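What the coordinates show
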Amino acid sequence: MIYLDHAATTAVHPEVFQEMYPFFMQMYANPSAAYEFGRDAKIMLQCVRETIAESIHARPEEIYFTSGGTEADNWALIGIAEVMKAKGKHIITSSIEHHAILRTCHYLEKRGFLVTYLPVNENGEISLEDLEKAIRPDTILISIMFANNEIGTVMPVKQIGKLAKKHHIIFHTDAVQAYLHEKIDVKEMQIDLLSASGHKFQGPKGVGFLYVRDGIRLSSFLHGGSQERKKRAGTENVPGIVGLGKAAAIGIRDFEKNHLHLLAMQKYLTEQITKQIPDCKVNGLAAKHLDNNLSLSFPFLEAASLIALLDMEQIYISAGSACNSSETKISHVLQAIGMPKEMARGTIRISLGAENTMEEMKYFVKRLVFLAEQLRMFSEENSIAPKTSVRQRDL
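Residues numbered from 1 in each chain as written. Predicted model: local features only at pLDDT ≥ 70, side-chain atom pairs only at ≥ 80, totals over all residues. Heavy atoms only, no water.

Section: the overall build of the protein
Looking only at helices and strands, one finds 14 helices and twelve strands in the protein. The globule rule puts the C-alpha radius of gyration for 395 residues at 21 Å, and the 22 Å found for the protein is close to it. Referenced to the eigenvectors of the C-alpha coordinate spread, the extents of the protein come out at roughly 70 × 55 × 35 Å. Out of the 395 residues in the protein, the part that is buried amounts to 57%. Long-range pairs, those at least 24 residues apart, make up 74% of the contacts in the protein between residues at least 6 apart in sequence. About 17500 Å² of surface is accessible on the protein, with carbon and sulfur atoms providing 53% of the total. Charge-centre separation for the protein: the mean point of 44 positive side chains lies 5 Å from the mean point of 46 negative side chains. (Helix = DSSP H or I, 4+ residues; strand = E, 2+ residues; numbered from the N terminus. Rg over C-alpha atoms; globule rule 2.2 N^0.38 Å. Buried < 20%, exposed > 50% of the residue type's maximum accessible area, 1.4 Å probe, protein only. Contact = heavy atoms within 4.5 Å. Areas by Shrake-Rupley, 256 points an atom, 1.4 Å probe, with all protein chains shown as cover. Lys, Arg positive; Asp, Glu negative; His and termini not counted. Charge placed at Lys NZ, Arg CZ, Asp CG, Glu CD.)

Right, dumping it as structure tokens:
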């Protein structure tokens, strides 16, 4: 198996699994319990809070555990909207955000809030000039992702934070794809809220965190007990949080080594694929870019066909966000960067992980080039645009 869809999810690191295991079977107490058994679990949560805080140059009390990136995004937007609605109801975001942001914005629009969706250029970058022009007296929140999950473009987060600070506006960033791939300093970048999810960096699914800068008022999202300093009710997922912390610690420890390894594989894939398939287009790489993401568009094939054929060989890539894999329409990200429909239908996403090897890259390129050529020949022989999936027997 060659797994190249790490932007969708990652395998739990063996060290993470080992760290989590005792908290299922031996150290299973409720952290809210008054006895020592429970206090031990609570101490462990605090240790993880400190690890996460260190990774983004925050303070432990500014870290809130969530069920993942979607909850963190929802909480950030809705929590700020509720607290700030007396001051204003205008929110600014981008047109290429993850649906956890976009659909939360749609939810808020139905409740009387106004949202500006900033356009992006062909590389997926927003214009800082457009952002400043969009700011109004009633703007209460700017939410711009740190890095795009489909094409890998890294946004000018530090400059956005500076603009937000200049105009006294709260700044949130969805860092689900960027966390532990980009160096993040929430103080230097003037980030007020930041979302991340464990399963994107070899932690378990169903756990993440929201950073909330001290002094930012945020309404509670879940109501019940007094967990998470009375902001997020519900018994804490102790094994998951322990895994989150261990994955973060490993990511910090191996950051430089992983970064160089991922860049080397990304460079190899880019050079070899564009050399052997000259009409292939690389998306977003002209901008500041994630080290593990490669988005490619082919004008002569449909991505679904290529993905299906690679799937039969146990090589796993995607056409974009895993959250939208069941949708047949063209990705909103590809539409936003102005990609023609025929190119968008032929767009794949390769997302690398630290456990991938250069040997895997060489084999993958070989199979990709061969299958892409077969699909090209099929399309030319039938003189049709590739609008439907090609089955293996058709080749």
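Side note on the sheet that holds strand 4 (residues 114-118)
Spatial ordering of the open sheet is given by 2-8-7-6-5-3-4, a layout of seven strands whose pairing is mixed. Taken across any chain shown, the strands that pair with only one partner, and hence form the sheet edges, are strand 2 (63-66) and strand 4. Each adjacent strand pair in this sheet contributes to an overall mean axis angle of 20 degrees, direction not counted. With three bridges joining them, strand 5 (residues 139-143) and strand 6 (residues 170-174) adopt parallel strand pairing. Residue pairing for strand 6: L141 is matched across the bridge by I170. (Pairing = 2+ DSSP bridges. Axes fitted to C-alpha atoms, helices over the stretch in contact; angles between N-to-C directions.)

Considerations on the packing of aromatic side chains
In the structure shown here, the tally under the stated rule is six aromatic pairs. Seen in terms of ring centroids, Y64 and W75 are 5.7 Å apart; in terms of plane orientation they differ by 80 degrees. Their pairing is edge-to-face. In this pair, Y64 is assigned in strand 2 and W75 in helix 4 (residues 69-84), connecting sequence segments eleven residues apart. In terms of burial, Y64 and W75 fall into one category: buried. Plain terms: the ring middles of Y179 and F209 are 5.4 Å apart, the flat faces sit at 75 degrees to each other, and that makes the pair edge-to-face. Here Y179 is found in the loop between strand 6 and strand 7 (193-197), whereas its partner F209 is found in strand 8 (residues 208-212), with 30 residues between them in sequence. Look at F209 and you get buried, because its relative accessible area is 0%. Put simply, the rings of Y179, F201 and F209 pair up and form one aromatic cluster. The ring of Y64 is capped by R229, whose NZ or CZ atom sits 4.1 Å from the centre of that ring. In this structure, R376 packs its charged tip against the face of F300, placed 3.9 Å from the ring centre. (Phe/Tyr/Trp six-rings, centres within 6.5 Å; stacked < 30°, edge-to-face > 60°. Lys NZ or Arg CZ within 6 Å of the ring centre and 35° of its normal.)

Topic: helix 4
The end-to-end C-alpha distance of helix 4, which contains 16 residues, comes to 22 Å, matching closely the 22 Å that a straight helix rising 1.5 Å per residue would cover. Most of helix 4 is tucked away, with 14 of its 16 residues classed as buried. (Expected span 1.5 Å × (residues − 1).)

Some remarks on the environment of T66
Its place among the elements puts T66 in strand 2. With sequence-adjacent residues up to four places away left out, T66 is seen in contact with E71, A72, W75, G206, V207, G208, F209, L210 and R232. Here G68 takes part through its backbone oxygen, which lies 2.9 Å from a polar atom of the side chain of T66. (Polar contact = N/O pair within 3.5 Å; in protein donor to acceptor, adjacent residues only side chain to side chain.)

Observations regarding the side chain of D185
With respect to the helices and strands, D185 occurs in the loop between strand 6 and strand 7. Put simply, D185 is tucked away with no salt bridge, and the nearest opposite charge, on K187, sits 7.6 Å away. Of the polar contacts made by the side chain of D185, one reaches the backbone nitrogen of E188; its length is 3.1 Å. (Salt bridge = Lys/Arg side-chain N within 4 Å of Asp/Glu carboxyl O.)

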